[in-house]
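Each chain, written out:
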Amino acid sequence: MIEIRDITISADRQSVYLWVDPCYRKTAKIAGLGTRLIERLPNLRYHLCENFAGRMFVDELIDTETAHAFEHVLIELLGELDPKIEIIRAFTKWNWADYGRDVYVVEVFYLNISKFKKALKATNDLFRNLCP
Ligand SMILES: [Zn+2]
């Protein structure tokens, strides 16, 4: 339902090209996903989030792009691996004309590649377990 298609590294960020099955495009389509993510990663409650609705991430999580939830889980797991870092910025964008249909780009401003890959794998595994 989610597939990492590519990862690119630039001077200030790492970008993950994430294909999301259109059936699971929004978190509201995955029963209990938000609740289970909060149970597993309670600190998601405190994530700041800029979104069009102006909601806290914990409220946004109920019905947002699944790739956006993936982004927040990824930075939370990075925070667990690298607790000295206080803030990790990230955002999710999509432009299917450029990146391919149903492909989202999660950009994370964090440059420790080995920790990033570890957190990315853990995020991918978590979503695979939580989504049918
Ligand atoms: Zn957000």
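Note that the coordinates shown come from a computational prediction; the quantities given were computed from them, not determined experimentally.

### Points about the environment of A97
- Within the element layout of this structure, A97 appears in helix α4 (residues 96–99).
- Considering only alpha carbons, one finds A97 and E76, 21 residues apart in sequence, at a separation of 30 Å.

### Describing helix α1 (residues 33–40)
- Of the positions making up α1, those classed as buried are L33, G34 and L37. Projected down its long axis, α1 carries its buried residues within an arc of 95°, all on one side. Exposed positions of α1 whose direction lies more than 90 degrees from the buried face are T35 and E39.
- For α1, the secondary structure elements touched by its buried residues are α3 (66–81) and α5 (113–130).

### Re the packing of α3 against α5
- The contact between α3 and α5 brings their axes to 9 Å, and the two run at 130°. By the criterion of interaxial angle, the relationship of α3 to α5 is oblique. The chirality of how α3 crosses α5 is right-handed. Side by side, α3 and α5 meet where F70, V73, L74, L77, L78 and L81 of the first sit next to K115, F116, K118, A119, L120, A122, T123, L126 and F127 of the second.

### Digging into the pairing of strand β1 (residues 2–9)
- Strand direction decides the pairing type here: β1 and strand β2 (residues 14–20), joined by seven bridges, are antiparallel. Paired with T8 across the bridge in β2 is S15.
- Hairpin geometry of β1 and β2 is characterised by an intervening segment of four residues between the two adjacent antiparallel strands.

### Thoughts on the confidence of the model for the protein
- Of all residues in the protein, 99% have pLDDT values of 70 or greater, and the mean over the chain is 94.
- Looking at the elements of the protein, mean pLDDT is at its lowest for α4, recorded as 91, and at its highest for strand β4 (residues 103–108), recorded as 98.

### Side note on the pairing of β4
- Both β2 and β4 contribute to a ladder of six bridges, which runs antiparallel. In the strand pairing of β4, L18 is matched with Y104.
- Across four bridges, strand β3 (residues 90–93) lies against β4 in antiparallel orientation. Bridge assignment links T92 to a residue of β4, and that residue is V106.

What counts and what doesn't
- Residues numbered from 1 in each chain as written.
- Predicted model: local features only at pLDDT ≥ 70, side-chain atom pairs only at ≥ 80, totals over all residues.
- Helix = DSSP H or I, 4+ residues; strand = E, 2+ residues; numbered from the N terminus.
- Buried ≥ 20, exposed ≤ 12 C-beta atoms within 10 Å, placed from the backbone.
- Arc of directions from axis to C-beta.
- Contact = placed C-beta atoms within 7 Å.
- Axes fitted to C-alpha atoms, helices over the stretch in contact; angles between N-to-C directions.
- Parallel < 35°, antiparallel > 145°, perpendicular 65-115°, else oblique.
- Left-handed = near helix turned anticlockwise from the far one by under 90°.
- Pairing = 2+ DSSP bridges.
- pLDDT = per-residue confidence, 0-100.

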